[in-house]
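# Examining the three-dimensional arrangement
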Amino acid sequence: MANTGWDEFEIGAMLRTFEGEAGDIAGTLQEDRKYTENSSFSASVADWRIEKPIFAKDYCIDCQFCWIYCPDMSIISRDKKMIGIDMDHCKGCGICVEVCPTNPKSLLMFPEQADEEAELAQWPAKETKEK
Amino acid sequence: MSEMKKIKNLKEFSTSADRFEGANLLCPGCAHSIIVREVLNATNDDLILSASTGCLEVCTAVYPYTSWDASWIHIGFENGSTAVAGAEAMYKALKTKKRLKQPDRNPKFVSFAGDGASYDIGFQWISGCMERGHNMMHVVLDNEVYANTGGQRSSSTPIGSSATTSPAGRVSYGEKKNKKDMVAIMASHGIPYSAQVAPNKWKDMVKKIQHGMEVDGPVFINAVSPCTTEWKFDPKDTMLLTDLSTDSLVFPLYEIIDGHELNITYRPKEKDIVPVEEYLAAQGRFKHLFKDQYKYLIKEWQERVDANWAYLNRREEARV
């Protein structure tokens, strides 16, 4: 598929996202779906990133703001809990960090090459408001 | 009619399984996919979708990939809405003839289009769909410019905005025509529901989308979609810009029922209303308005927004 040129296909090409019967997609989580190689889910845009978000679970209050406002479906929420970031599809826009309401923020942007564990170890402390 | 999906709060909403996939080629921080997700996640029913040519279409269907987990079609720039209307007409016909293979499923018909494909190029087609009374929803992702082809002006581009075909410079302050009021135009077709939504007010948005899917007849939704590339702001500020646009009342959120009954659905408190100047200052496309010779335009902007807000309030009060 990847080696086929655009002019080698008939007009009105049809792409199938799932293997076999699609069934109830709205009731099936992504990990349970059978994607074909035509779904962009099987592709990656990780190389677009200059900065990456790092998630500090300890401070997260599961408000799901990052989930709803993520433009790339990269915040993984299961059973009303935010469990991590899908690094294949994250483009590093930084919206999740901006909308995070906790203090200190549970998501912060770091350069792509930053080491996650080292950054988590020196996570910024709670900011106190000056009166 | 199938049961409406119950969405009480964001936690409950977050259990939705997305039917729009990542690794599409939309810019980082693009509001288009935030809007699309909120629309698609508002229902659990099957979806029959189309997209007119525009950012959303070229970025989500890059051969050999597709980002859609539902039936989706692209034909041309102008006829995304009629493609869905045609599918809807066929569905109705097969239903009456009892030839549907799965008659208990209750698909929803939604067409997505940018402001170029709705306000200008596809205008006649959308108007036709609204007039013929198809049971469908048309969602405009209004980023006020032809962002896909390099930032040409559309009839949605507001006064003072610098677009590539109406650039700001020594002799001009950019776009000179005011944005056309598409929601009012579509409402005057007498359609059961038309509304303006913003992705930051997700609850308001989901409520409107669900109502739109429930009613029988054509529905028009205009969604503000800040464009990081053409509005010229940092990708991380997309939600900030959406907040500014709703709180400065540049994009008031309201709905029009049956073409006449107007309800304002988001009314910021007096102290929370942001001056339009702040909304303009956050975007690079209005940068030149802050030069001394064009400052009068900012005042005019504020007056225009205030007048529009007063007009909407009067309409809501008068129920006309």
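Residues numbered from 1 in each chain as written. Chains lettered and ligands numbered in written order. Predicted model: local features only at pLDDT ≥ 70, side-chain atom pairs only at ≥ 80, totals over all residues. Heavy atoms only, no water.

## Some points on the overall build of chain B
Helix and strand counts for chain B stand at eleven helices and eight strands. Computed over its C-alpha atoms, the radius of gyration of chain B comes to 19 Å, within 12% of the 20 Å expected for a compact globule of 320 residues. A principal-axis box enclosing the C-alpha atoms of chain B has dimensions of 70 × 50 × 40 Å. Counting every position in chain B, which comprises 320 residues, the buried fraction comes to 59%. Partitioning the intrachain contacts of chain B with sequence separation of at least 6 by distance along the chain shows that 71% fall at a separation of at least 24. Averaging the positions of the 39 positive and the 40 negative side-chain charges in chain B gives two centres separated by 2 Å. (Helix = DSSP H or I, 4+ residues; strand = E, 2+ residues; numbered from the N terminus. Rg over C-alpha atoms; globule rule 2.2 N^0.38 Å. Buried < 20%, exposed > 50% of the residue type's maximum accessible area, 1.4 Å probe, protein only. Contact = heavy atoms within 4.5 Å. Lys, Arg positive; Asp, Glu negative; His and termini not counted. Charge placed at Lys NZ, Arg CZ, Asp CG, Glu CD.)

## Section: the interface of chain B and chain A
Counting from both sides, the interface comprises 42 residues of chain B and, opposite them, 45 residues of chain A. Counting the surface lost from both chain B and chain A, the interface buries some 3700 Å², and carbon and sulfur atoms represent 62% of this. Between chain B and chain A we count two salt bridges in total. At the boundary of chain B and chain A, one finds 18 residue pairs in polar contact (both at pLDDT 80 or more). Contributing elements (two or more residues each) for the side of chain B that touches chain A: helix H1 (10-13), helix H2 (31-41) and helix H9 (238-247) of chain B. The greatest single-element share of the side of chain B that touches chain A, amounting to five residues, is contributed by H2 of chain B. Each residue belonging to the side of chain B that touches chain A can be placed in one class, and the counts come to 18 nonpolar, 13 polar and eleven charged. (Buried area = accessible area lost by both parts, 1.4 Å probe. Salt bridge = Lys/Arg side-chain N within 4 Å of Asp/Glu carboxyl O. Polar contact = N/O pair within 3.5 Å; in protein donor to acceptor, adjacent residues only side chain to side chain. Nonpolar A, V, L, I, M, F, W, Y, C, P; charged D, E, K, R; others polar.)

## Quick notes on empty space enclosed by the protein
All names here are of chain B. Here the structure, examined in full by the defined rule, presents five cavities of 30 Å³ or more. Of the pockets and cavities examined, the largest cavity occupies roughly 160 Å³. Lining the largest cavity are 20 residues, with Thr53, Gly54, Cys55, Gly114 and Asn148 positioned closest to its centre. Elements represented by at least two residues in the lining of the largest cavity include exactly helix H3 (55-60), strand S3 (108-114) and helix H5 (115-120). Taken together, the residues of the lining of the largest cavity sort by class into ten nonpolar, nine polar and one charged. (1 Å grid on protein atoms, 1.4 Å probe; cavity = no way out; pocket = protein on both sides within 12 Å on 5 of 7 lines; lining within 4 Å. Points joined across faces, edges and corners; volume = space filled by probe spheres on them.)

## Section: the side chain of Asn200 of chain B
Residue and element names in this part refer to chain B. Position of Asn200 among the secondary structure elements: in the loop between strand S5 (193-197) and helix H8 (202-214). Accessibility expressed as a relative area gives 7% for Asn200, which makes it buried. Of the polar contacts made by the side chain of Asn200, one reaches the side chain of Asp243; its length is 2.6 Å.

## Examining the sheet that holds strand S7 (residues 254-257) of chain B
All names here are of chain B. Taking strand neighbours across the sheet as the criterion, the eight strands line up as S2-S1-S3-S4-S6-S5-S7-S8 in an open arrangement whose pairing is mixed. In the strand order of this sheet, the two ends are held by strand S2 (71-73) and strand S8 (261-264), each with one partner. In this sheet, neighbouring strand axes are inclined to one another by 15° on average, regardless of whether the strands run parallel or antiparallel. For S3 and strand S4 (residues 137-142), the ladder comprises five bridges, and the chain directions are parallel. Bridge pairing links Ala113 to Val140 in S4. Along the sheet, H8 contacts strand S1 (47-51), S3, S4, S5, strand S6 (219-224) and S7; its crossing angle with S5, the most-contacted strand, is approximately 160°. (Pairing = 2+ DSSP bridges. Axes fitted to C-alpha atoms, helices over the stretch in contact; angles between N-to-C directions.)

## Some points on the packing of aromatic side chains
All names here are of chain B. The full count for this structure, using the stated rule, is 14 aromatic pairs over all chains. Aromatic side chains Trp68 and Phe112 sit 6.0 Å apart centroid to centroid with 40° between the ring planes, which places their arrangement in the tilted category. One end of the pair, Trp68, is in the loop between H3 and S2; the other, Phe112, is in strand S3, and 44 residues separate them in sequence. What makes Trp68 buried here is its relative accessible area of 1%. Between the NZ or CZ atom of Lys176 and the centre of the ring of Tyr173, over which it lies, the distance is 5.0 Å. (Phe/Tyr/Trp six-rings, centres within 6.5 Å; stacked < 30°, edge-to-face > 60°. Lys NZ or Arg CZ within 6 Å of the ring centre and 35° of its normal.)

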